[in-house]
Every structure is written in C-alpha cells, then in structure tokens.
Amino acid sequence: MKITTLFTGVFLFTTIAMSAQDISEHTLGLRLGDSDGFGAEISYQKSIGRYNRAEFNLGWRDSRAFDAFKLAGVYQWVHQLDGNFNWYYGVGGGLGSVDFEPIPNGADNDGLFVFAAGDIGVEYDFDIPLLLSLDFRPEIGLLGYDGFDNGFDFDIALGIRYQF
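Note on numbering: residues in each chain are counted from 1, in written sequence order. Local features in this predicted model are restricted to residues of pLDDT 70 or higher, and side-chain atom pairs are both shown and tallied only at a pLDDT of 80 or more, whereas totals for entire chains, interfaces and linings draw on every residue. Excluded from the side-chain calculation are hydrogens and water; included are all heavy atoms of the structure.

A. Local environment of the overall build of the protein chain. Strands here mean DSSP runs of E at least two residues long; helices mean DSSP runs of H or I at least four residues long; both are numbered from the N terminus. Broken down by element type, the protein chain carries one helix and eight strands. Reading the protein chain from its N end, one meets helices and strands in the order α-β-β-β-β-β-β-β-β. When each of the 164 residues of the protein chain is scored for burial, the buried share is 34%. Once local pairs closer than 6 in sequence are excluded, the contacts in the protein chain between residues at least 24 apart make up 51%. Exposed residues in this analysis have more than 50% of their type's maximum accessible area, buried residues have under 20%, and partly exposed residues fall in between, with area computed by a 1.4 Å probe over protein chains only. In this analysis, two residues are considered to be in contact whenever any of their non-hydrogen atoms come within 4.5 Å of each other.

Below is the structure:
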C-alpha cells in the first residue's frame with residue numbers, strides 16, 4: 001500500500017511539474033496592429049497569479065487630421081499549449097479621446113469614448129527574455145464619440161515584449 005501511494009504521489013508531482021508554466025512577472029513592449037487607426041501601442045503585462053495577468057495598452061495618434069489616445073486594459077487567463085507555446089483569452093475595456101482639426105462650418109464630433117473588449121491569442125515564450133504573441137481583440141463601443149459608440153472593431157496585432 002505504501003509503495004502504491006508513493007508511486008501515485010510521484011506520478012502526480014511529475015505530471016503537474018511537466019504541465020506547469022511560468023508566466024513572466026512583468027513584460028513591456030509593443031503591440032503592433034490596426035487598433036482602429038491608432039497603430040502601434042505600448043503594452044505592459046503584469047502577472048496576477050500563476051495563470052492570470054493584466055495587460056494594459058496605450059495607443060496614440062498625432063496627425064494633421066486628428067489627435068487621439070486610447071487606453072485598453074484586459075484581464076487574461078493563460079494556458080499552456082505545448083512547450084513554450086501558450087494560448088490566452090480575456091475580457092476588459094478601455095477609454096480614449098479624439099480631437100479633430102476644426103472644419104469651417106463643420107460639425108464638432110470630438111470627444112471621449114468608452115469601449116468593452118475581449119481578447120484571444122497565442123504566444124511563444126523564448127528561453128531569452130522575449131515574448132512574441134499574435135492576438136485578436138474585438139472591441140465594441142459603449143458610449144461617447146460617434147466613431148466608437150455602437151461600433152464594432154476587430155483588432156489583430158503582433159506583440160513583441162521584453163520579460164523581466
């Protein structure tokens with residue numbers, strides 16, 4: 001009986017150790033995608049638990065037609081696929097602001113907007129402190145600026161982050 005218990009314990013420990021993953025405590029980098037006209041975003045991830053993390057992204061645009069910023073936050077659950085490959089999903093939201101250049105005799109459609117977001121993606125955790133990811137973040141406008149409220153946006157991006 002003792003030998004069976006010992007083998008069962010060793011088997012369970014080995015199985016758990018083989019499927020265990022470590023997500024980095026902090027990552028900082030870029031999320032390169034469309035982001036509804038905002039382009040590249042500065043991205044920061046903070047682990048919250050062994051399989052959970054929070055991701056924050058800041059995008060901004062300074063152009064002749066408009067100035068804008070967008071801040072998104074997503075809570076993610078991370079699962080191991082195979083080896084250093086992980087997949088993740090999450091929910092969150094964000095806010096932003098758009099300021100268009102004045103148009104003579106035109107309507108003023110500047111303003112603040114709020115949106116809800118989901119997230120699903122895959123990532124590869126290199127043996128060096130580099131994390132590459134490809135994710136899909138659908139966003140739906142909740143209120144605010146006409147270009148974002150009641151709108152639905154598909155945002156696909158490549159993430160390149162340094163882990164520390």
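Still to come is the rest of the account.
B. Structural context of the pairing of strand E4 (residues 66–82). Inspection of the sheet shows strand E3 (residues 52–62) paired to E4 by 11 bridges, in the antiparallel sense. Residue pairing across strands places Trp60 opposite Phe69, the latter belonging to E4. Hairpin geometry of E3 and E4 is characterised by an intervening segment of three residues between the two adjacent antiparallel strands. Looking at chain direction, E4 and strand E5 (residues 85–100) are connected through 16 bridges and run antiparallel. Across the sheet, the residue bridging to Asp82 is Phe85, located in E5. Two strands form a pair only when DSSP identifies at least two bridges running between them. Where E4 folds back onto E5 in an antiparallel hairpin, the turn is made up of two residues, including Gly83, whose phi is positive at roughly 60°.

C. Structural context of the pairing of E3. Summarising the sheet, strand E2 (residues 41–47) and E3 pair through seven bridges and their orientation is antiparallel. In the sheet register, Lys46 faces E3, and the bridge partner there is Ala54. Counted between consecutive antiparallel strands, the loop separating E2 from E3 contains four residues.

D. Inspection of the side chain of Ser43 at higher detail. Mapped onto the elements of the fold, Ser43 is located in strand E2. Classification of Ser43 by relative accessible area gives buried; the value is 0%. Polar contacts, as used here, are pairs of N or O atoms within 3.5 Å; protein pairs need one atom able to donate a hydrogen and one able to accept it. Residues neighboring in sequence count only if both atoms are side-chain atoms. Here Asn57 takes part through its side chain, which lies 2.9 Å from a polar atom of the side chain of Ser43. The residues touching Ser43, leaving out its near neighbours within four places in the chain, are Thr27, Leu28, Gly29, Leu30, Arg31, Glu55, Phe56, Asn57 and Arg161.

E. The arrangement of the environment of Ser97 in detail. Position of Ser97 among the secondary structure elements: in strand E5. Look at Ser97 and you get partly exposed, because its relative accessible area is 24%. As a C-alpha pair, Ser97 and Phe113 span 16 residues in sequence and 6.1 Å in three-dimensional space.

F. Focus on the packing of aromatic side chains. Each pair of aromatic rings taken from Phe, Tyr and Trp, with Trp reduced to its six-membered ring, is defined by centres within 6.5 Å and is described as stacked if the planes are under 30 degrees apart, edge-to-face if over 60, and tilted in the remaining cases. Scanning the model with the defined rule gives nine aromatic pairs in all. The interplanar angle of 75° and the centroid separation of 4.9 Å between the aromatic rings of Tyr75 and Trp77 together place this pair among those described as edge-to-face. The side chain of Arg53 reaches across the aromatic face of Tyr88, ending 5.0 Å from its centre. Taking the ring centre of Phe115 as reference, the NZ or CZ of Lys70 above it sits at 5.2 Å. We call a charge positioned above a ring when the Lys NZ or Arg CZ atom is no farther than 6 Å from the ring centre and deviates by at most 35 degrees from the ring normal.

G. Geometry of the pattern of salt bridges. Here a salt bridge means any side-chain nitrogen of Lys or Arg lying within 4 Å of a carboxyl oxygen belonging to Asp or Glu. Evaluated as defined, the whole model comprises 10 salt bridges. We note a salt bridge from Lys46 to Glu25, for which the minimum N-O separation is 2.6 Å. Placement of Lys46 in strand E2 and of Glu25 in the loop between helix H1 (2–19) and strand E1 (26–33) is noted, with a sequence separation of 21 residues between them. Overall, Glu25 belongs to the partly exposed group, its relative accessible area being 40%. Across the pair Arg31 and Asp135 runs a salt bridge whose closest N-O atoms are separated by 3.0 Å. Taken together, the positions of Arg31 in strand E1 and Asp135 in strand E7 (residues 130–144) put the pair 104 residues apart, joining distant regions of the chain.

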